[in-house]
Amino acid sequence: MLFFYIRHGDPIYNPDSLTPRGHLQAQALAKRLGLYGIDRVFSSDSTRALQTAQPTCDLLRLEPTVCPWANENRPWERMCVFYENGAREYVFEDPASRRLLASEEMRRLGNDWGTHPAFCDTTIPACYEEIGRDADAFFESLGYRHDREQHVYIPVAPTEERVALFAHQAFSMAFLSHVLDIPYPLYATHFDTCHSGMTVIEFREQDGVVIPKMLQLSNDSHLYREGLPTTYQNRLYF
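Computed from a predicted structure; not experimentally measured.

Peer 1: How should the overall build of the protein chain be read in this particular structure?
Peer 2: Of the regular secondary structure elements, the protein chain holds 9 helices and 16 strands. Relative to the compact-globule value of 18 Å for 238 residues, the protein chain shows a C-alpha radius of gyration of 18 Å, a close match. For the C-alpha atoms alone, the extent of the protein chain along its principal axes is close to 50 × 50 × 30 Å. Within the protein chain, the fraction of its 238 residues that count as buried is 52%. When the accessible area of the protein chain is evaluated, it comes to approximately 11,600 Å², of which 49% is carbon and sulfur surface. Across the protein chain, the mean location of the 22 positive side-chain charges is 5 Å away from that of the 32 negative side-chain charges.

Okay, here's the thing in structure tokens:
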């Protein structure tokens, strides 16, 4: 199986939708995905994710399966740092928390990072685990059971399908951390996705197990091909 994780295009967060650039990104992405095909499309129930998936679905004559569990609202509500003035920021974007997540003491904790005093009285570890359980249930429905103790997947019903999930940045931090068995502090501080970026993970069976391998992270070649701006978060060109 090839699994495609795709972040929504350039967004308007209120009201939830895509900008004109975001719609162009979605159309460019559909051309790229249509080249070799996608067998199944899943999407967060947010409008911006569904609008990003729609050109691909139209091109390939597919109906998206809507996944409320992939919405970004859950990490926004429960995986943030809350300030005294009422504002909030994702834990991986708050400066002090970023330093802590990247620290040696967090590396030593590994998968037990949620027991650190900075997080044990917050909703962050519990939300992370909920997303992990949803991720495991999702992949088991696709034919791959996650063995967390061995950090592998058991191919109970392996497939050659190409499966795409259209979702979000903050959700991806927890979701892909679980999928790849990389501790959240490491993943959230060292990896990211751009608007309409395409991440590709191969579920290839070897010796009776699958160790998912990321083949590409947040690929934006579809934007370059269509002459659209290749900007990271609308602030950095490369």
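That shown, we press on.
Peer 1: Please explain the packing of aromatic side chains as it appears in this structure.
Peer 2: Here the distance between the centres and the angle between the planes together describe a pair of aromatic rings. With the rule as written, the count across this model stands at 22 aromatic pairs. Ring centres 5.3 Å apart and planes at 75° place the aromatic pair Trp-113 and Tyr-128 in the edge-to-face group. In this pair, Trp-113 sits in the loop between helix H5 (104-109) and helix H6 (124-141) while Tyr-128 sits in helix H6, placing the two residues 15 residues apart along the sequence. The buried category is assigned to Trp-113, whose relative accessible area is 3%. An aromatic cluster of three or more residues is present, and its members are Phe-3, Tyr-5, Phe-42, Trp-69, Phe-138, Phe-139, Tyr-144, Tyr-153, Phe-171, Phe-175 and Phe-203.

Peer 1: Even after reading the chapter, I still don't get the pattern of salt bridges, so can you show me in this structure?
Peer 2: A side chain with one charge may pair with a side chain of the opposite charge, provided their charged atoms come close. Under the definition given, this model contains 9 salt bridges. With a shortest N-O distance of 2.9 Å, Arg-48 and Asp-16 are connected by a salt bridge. Of this pair, Arg-48 sits in helix H2 (residues 47-60) while Asp-16 is found in strand E3 (residues 16-18), placing the two residues 32 residues apart along the sequence. Between Glu-161 and Arg-40 there is a salt bridge, and its shortest N-O distance comes to 3.7 Å. Separated by 121 residues along the polypeptide, Glu-161 in the loop between strand E9 (152-155) and strand E10 (162-167) and Arg-40 in strand E4 (residues 40-44) bring together distant segments of the chain.

Peer 1: I tried to follow the environment of Asn-71 on my own but got confused; where do I start?
Peer 2: Among the structural elements, Asn-71 can be located in the loop between strand E5 (65-67) and helix H3 (73-78). Take Asn-71: its relative accessible area is 11%, and that puts it in the buried class. Separated by 22 residues in the primary sequence, Asn-71 and Ala-49 place their C-alpha atoms 8.8 Å from one another. Excluding its chain neighbours within four sequence positions, the residues that come into contact with Asn-71 are Ser-44, Asp-45, Ser-46, His-168 and Phe-171. At 2.8 Å, the side chain of Asn-71 forms a polar contact with the backbone nitrogen of Asn-73.

Peer 1: Quick question: what am I supposed to make of the layout of surface pockets here?
Peer 2: Over the atoms a probe the size of a water molecule is rolled, and this reveals where empty space is left. Of the voids in this model, the largest pocket is the one considered here, and its volume is about 270 Å³. Taken together, 14 residues line the largest pocket, and the ones lying closest to its centre are Tyr-13, Arg-48, Glu-72, Trp-76 and Tyr-90. Of all the secondary-structure elements, those providing two or more residues to the lining of the largest pocket are H3 and strand E7 (88-90). Of the residues that constitute the lining of the largest pocket, the class distribution is 3 nonpolar, 5 polar and 6 charged. Volume-wise, the second largest pocket comes out at about 210 Å³. Its residues assigned to classes, the lining of the second largest pocket shows 3 nonpolar, 5 polar and 4 charged.

Peer 1: Mind showing me how you'd approach the nonpolar core here?
Peer 2: Among soluble globular proteins, nonpolar side chains are generally buried collectively. Counting residues in each nonpolar core, the largest one holds 44 residues, and the members touching the most others are Phe-3, Phe-139, Phe-175, Tyr-184 and Phe-203. Of all the secondary-structure elements, those providing two or more residues to this core are strand E1 (2-7), strand E6 (80-82), helix H4 (95-101), H6, E10, helix H7 (169-180) and helix H8 (184-190). Here this core gets 8 residues from one element, more than from any other, and that element is H7. Leave out the neighbours within four places in its chain, and Phe-175 touches Phe-3, Tyr-5, Trp-69, Ile-131, Ala-135, Phe-138, Phe-139 and Leu-165. Counting residues in each nonpolar core, the second largest holds 13 residues, with Ile-6, Leu-29, Cys-57 and Met-198 among its members.

Quick notes on the rules
Residues numbered from 1 in each chain as written. Predicted model: local features only at pLDDT ≥ 70, side-chain atom pairs only at ≥ 80, totals over all residues. Heavy atoms only, no water. Helix = DSSP H or I, 4+ residues; strand = E, 2+ residues; numbered from the N terminus. Rg over C-alpha atoms; globule rule 2.2 N^0.38 Å. Buried < 20%, exposed > 50% of the residue type's maximum accessible area, 1.4 Å probe, protein only. Areas by Shrake-Rupley, 256 points an atom, 1.4 Å probe, with all protein chains shown as cover. Lys, Arg positive; Asp, Glu negative; His and termini not counted. Charge placed at Lys NZ, Arg CZ, Asp CG, Glu CD. Phe/Tyr/Trp six-rings, centres within 6.5 Å; stacked < 30°, edge-to-face > 60°. Salt bridge = Lys/Arg side-chain N within 4 Å of Asp/Glu carboxyl O. Contact = heavy atoms within 4.5 Å. Polar contact = N/O pair within 3.5 Å; in protein donor to acceptor, adjacent residues only side chain to side chain. 1 Å grid on protein atoms, 1.4 Å probe; cavity = no way out; pocket = protein on both sides within 12 Å on 5 of 7 lines; lining within 4 Å. Points joined across faces, edges and corners; volume = space filled by probe spheres on them. Nonpolar A, V, L, I, M, F, W, Y, C, P; charged D, E, K, R; others polar. Core = buried A, V, L, I, M, F, W, Y, C linked by side-chain atoms within 4.5 Å.

The values reported here are purely geometric and, on their own, carry no functional implication.
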